[in-house]
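Structural characterization, general
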Amino acid sequence: MATATQPLDRVGTPAWNEVNPWLVAIAVMSSTFMEVLDTTIVNVSLPHIAGSLSATPDEATWALTSYLVANAIILPMTGWLANFFGRKRLLLLSVVGFTAASFLCGLAPTLPLLIVFRCFQGAFGGGLQPLSQAILMEVFPPQDRGKAMGFWGLGIVVAPMLGPVLGGWLTDSYSWRWVFYVNVPIGILAVFLTTVFVFDPPYIKRKIGAKIDFYGMGFLALGIASLQVMLDKGQEEDWFGSHFIVILCVLSIIGLTAFILRELTAEHPIVDLSVFKIRTYATGVFLMTVLGFVLYGSTVLIPLLLQTLLGYPAMQAGIAMLPRGLGSFIAMPAVGFLMSKVKPRYLLVCGIVLGSYAMFQMAHFNMDVGFWNFFWALIWQGIGMGLIFIPLTTITNDPIPLPKMGNATSIFNLMRNLGASIGISIVEAIQVRHAQMHVNTLTSNVTPSSLQAQTIVNGLKGAFMSKGGIDPATAQHMANGMLENMIRQQSTMMSYNDVFWLLGIIFLCMLPLILLLRPPKKKGGAVMMH
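Conventions adopted
Residues numbered from 1 in each chain as written. Predicted model: local features only at pLDDT ≥ 70, side-chain atom pairs only at ≥ 80, totals over all residues. Heavy atoms only, no water. Helix = DSSP H or I, 4+ residues; strand = E, 2+ residues; numbered from the N terminus. Buried < 20%, exposed > 50% of the residue type's maximum accessible area, 1.4 Å probe, protein only. Contact = heavy atoms within 4.5 Å. Areas by Shrake-Rupley, 256 points an atom, 1.4 Å probe, with all protein chains shown as cover. 1 Å grid on protein atoms, 1.4 Å probe; cavity = no way out; pocket = protein on both sides within 12 Å on 5 of 7 lines; lining within 4 Å. Points joined across faces, edges and corners; volume = space filled by probe spheres on them. Nonpolar A, V, L, I, M, F, W, Y, C, P; charged D, E, K, R; others polar. pLDDT = per-residue confidence, 0-100. Axes fitted to C-alpha atoms, helices over the stretch in contact; angles between N-to-C directions. Left-handed = near helix turned anticlockwise from the far one by under 90°. Parallel < 35°, antiparallel > 145°, perpendicular 65-115°, else oblique. Patch = residues over 30% accessible without salt bridge, like charges linked within 9 Å, V, L, I, M, F, W, Y side chains within 5 Å. Salt bridge = Lys/Arg side-chain N within 4 Å of Asp/Glu carboxyl O. Expected span 1.5 Å × (residues − 1). Phe/Tyr/Trp six-rings, centres within 6.5 Å; stacked < 30°, edge-to-face > 60°. Polar contact = N/O pair within 3.5 Å; in protein donor to acceptor, adjacent residues only side chain to side chain. Core = buried A, V, L, I, M, F, W, Y, C linked by side-chain atoms within 4.5 Å. Disulfide = S-S within 2.5 Å.

1. Notes on the overall build of the protein chain
Across its full length, the protein chain holds 21 helices and 2 strands. For the protein chain, the proportion of its 530 residues judged to be buried stands at 53%. Of the contacts formed within the protein chain by residues at least 6 apart in sequence, a portion of 83% connects residues at least 24 apart. Surface summary for the protein chain: the accessible area is close to 22,600 Å², and the carbon and sulfur share equals 69%.

Take a look at the structure:
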């Protein structure tokens, strides 16, 4: 807090940079954790939501899509909105709006109303991640930003891991509505902490009279919304075999192209793209996009493998995913401390190698894989994520002038989320198509002339007949059906292996780009005001 010699923003209120930065970190993380948790906590509740609101499972998925679309539209505009309303006002508005929308989602009597409330929830929550990141990068001196990003990263990486477990427990023990109600007490706490500990820096001034780039907003909304819906519904609609997906693809290309051209020429752009002139920032954003691709692609893939192929219940599948969160939880505080002792590039290299090693481990899984195989692979992946996430976030945003920090973190988080959406869509498409490819390959070897295939069928047939009461024709039919099921299971496992190999290779391809990143400043200096 302020001393007698420290400046005051106004009577009795400490200046923005005189509050203990760790109190600010706790304040902004309380809201960010809530928002990130909500990206995954609803997933396991979809069947219950569909049944309760008399909807099909496909219709219920719009509760996820609507949230992601609204969230993605607001994300890149957060820096501009912070300047327009004031950062603290925007943060409070976001937390209050998100909390109120969560409560309304819990009360929703019909699916259309739930989707509307989820849109509001996504829109209000869209600014929480970039706002919290920008605030932490400002209130912590350069030499402590690694520790700050370690604390911030705990919420960003661990919350999505806890979401399915907490969502499954709340749904099974109470009701799917508690998946939304749980945000209310957290939101109230976040409002209190933000009010007390967060203040605007002097260069954040409300610009109510500023010109609003309505064209930029419109092109952004069109491009991002079309892209997000296309990625979310592509596999379900058979991608470009669907006219709906083709139209969305065309609209996203038109919208995003027009948006980029508009922002490069507008006098008052809604998103300042000039930050990409900074090589370290541009490289770091690309690497974070790839990280989102791999991290969230595998996050979706592993529960599918556990539940659809290995027969894990939803709750146990969520628990099986916890080791990755545990690995990150262990690594991130340590990495935050090491940031001031070890070159960040070395940490990045170690993280990428560990992440690739975990993927290659999972690429060797088979139908006999057990819990502990997943445990160690996910532990290593979680540690690798910690070693990547903190240095990459710190290095990428370090050269950004503080007045542009909100804009830069908005783009940074948007690209991570888009990378996640692209990753989820691509890995699901590859898995489905490779499963069918392997089915065709294995089935082609099951012929009457195949001694091995006939041995398996005859063994199964004999086992069924030995139980008694089953005639040879029925036993033969059952044996053929079981062999077909075995082929499909093996083909599905092979398709998962293919995707894990791909993700591991993509990870390794990130290594050369690390050379383009400049190390962060070790000491504080004058604030760059351009």
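There is more to say, and it comes next.
2. Thoughts on the layout of surface pockets
Each pocket or cavity is described by its volume, and for the largest pocket that value is around 1,500 Å³. With 9 residues, helix α19 (residues 405–443) is the largest single contributor of residues to the lining of the largest pocket. When its residues are assigned to classes, the lining of the largest pocket shows 25 nonpolar, 17 polar and 8 charged.

3. What about the confidence of the model for the protein chain?
Averaged over all residues, the pLDDT of the protein chain equals 79, while 87% of them reach at least 70. Note that residues 1–14 has pLDDT below 50 and, in this model, 23 contacts with residues that lie over four places away or in other chains.

4. Observations concerning the packing of helix α16 (residues 322–338) against helix α18 (residues 371–397)
Running from N to C, α16 and α18 point in directions that differ by 35°, and their axes come no closer than 7 Å. As for how α16 packs across α18, the hand of that crossing is right-handed. Contacts between α16 and α18 pair P323, R324, L326, G327, S328, A331, M332, V335 and G336 from the former with F375, L378, I379, Q381, G382, I383, M385, G386, L387, F389, I390 and P391 from the latter. Partitioned by chemical class, the residues of the contact of α16 with α18 number 14 nonpolar, 6 polar and 1 charged.

5. Some remarks on the packing of helix α6 (residues 87–107) against helix α11 (residues 183–197)
Packing of α6 against α11 brings their axes to within 9 Å, and their N-to-C directions diverge by 165°. Between α6 and α11, the angle falls in the class roughly antiparallel. Where α6 crosses over α11, the handedness of that crossing is left-handed. Residues K88, L91, L92, V95, V96, F98, T99, S102 and F103 of α6 form the contact with α11, whose participating residues are N183, V184, G187, A190, V191, T194 and T195. Residue classes in the contact of α6 with α11 are distributed as 9 nonpolar, 6 polar and 1 charged.

6. Notes on a nonpolar patch on the surface
Where nonpolar side chains cluster on the molecular surface, the patch consists of Y357, F371, W372, W376 and W380 and spans about 560 Å² of accessible area. When its relative accessible area of 42% is taken as the criterion, Y357 is described as partly exposed.

7. Thoughts on α18
With 27 residues, α18 extends 38 Å between its outermost C-alpha atoms, agreeing within 8% with the 39 Å of an ideal straight helix rising 1.5 Å per residue. α18 sits mainly inside the fold: 21 of its 27 residues count as buried.

8. Regarding the environment of L107
With respect to the element layout, L107 can be found in helix α6. Of the residues examined, L107 reaches a relative accessible area of 45% and is grouped as partly exposed. As for L107 and F117, which are separated by 10 residues in sequence, their C-alpha atoms are 9.8 Å apart. In contact with L107, other than residues within four places in its own chain, are R177 and Y181.

9. Considering the packing of aromatic side chains
A complete count under the given rule lists 13 aromatic pairs for this structure. Seen in terms of ring centroids, W178 and Y181 are 5.3 Å apart; in terms of plane orientation they differ by 85°. Their pairing is edge-to-face. Taken together, the residues span about one helical turn, with W178 and Y181 both in helix α10 (residues 178–181) at a distance of 3 residues. Judged by relative accessible area, Y181 falls into the buried class, the value being 18%. Summarising the aromatic geometry, the rings of W372 and F375 are spaced 4.9 Å apart at their centres and angled 65° between planes, so their arrangement reads as edge-to-face. A residue pair is termed a helical-turn pair when its members lie 3 or 4 positions apart in one helix, as W372 and F375 do in helix α18 at 3 residues. Under the relative-accessibility criterion, W372 is labelled exposed at 55%. Classification of F375 by relative accessible area gives buried; the value is 17%. Three or more aromatic residues joined by ring pairs form one cluster here, namely F103, Y174, W178 and Y181.

10. Considerations on the side chain of S30
As for its placement among the helices and strands, S30 is situated in helix α1 (residues 21–41). Given the relative accessible area of 12%, S30 is considered buried. Engagement of the side chain of S30 in a polar contact is seen with the backbone oxygen of A27, the distance being 2.6 Å.

11. Re the side chain of N497
Mapped onto the secondary structure, N497 falls in helix α21 (residues 472–508). For N497, a relative accessible area of 11% puts it in the buried group.

12. A short note on the environment of Y281
Position of Y281 relative to the elements: it lies in helix α14 (residues 279–309). Exposure remark for Y281: the relative accessible area of 0% places this residue in the buried category. Expressed as a C-alpha distance, the spacing of Y281 and N397, which sit 116 residues apart in the sequence, is 6.3 Å. Those residues in contact with Y281 that sit more than four places away from it in its chain are V275, F276, T396, N397, I400, A408, I411 and F412.

13. What about the nonpolar core?
Grouped burial of nonpolar side chains is what soluble globular proteins tend to show. L114, F500 and F507 are the most contacted members of the largest nonpolar core, which totals 139 residues. The greatest single-element share of this core, amounting to 15 residues, is contributed by α14. Those residues in contact with F507 that sit more than four places away from it in its chain are L291, V294, I352, G355, S356, M359, M385 and I388.

14. Digging into the environment of V28
In this structure, V28 sits in helix α1. The spacing of V28 and V198 is 170 residues in sequence and 8.1 Å in space, taken between C-alpha atoms. When neighbours within four sequence positions are excluded, V28 is seen to be in contact with L91, S132, I135, L136 and V198.

15. Notes on the state of the cysteines
By the definition in use, this model includes 0 disulfides. Unpaired in this structure, C105 has its nearest cysteine sulfur neighbour in C119, at a distance of 9.3 Å. By relative accessible area, C105 is classed as buried at 0%.

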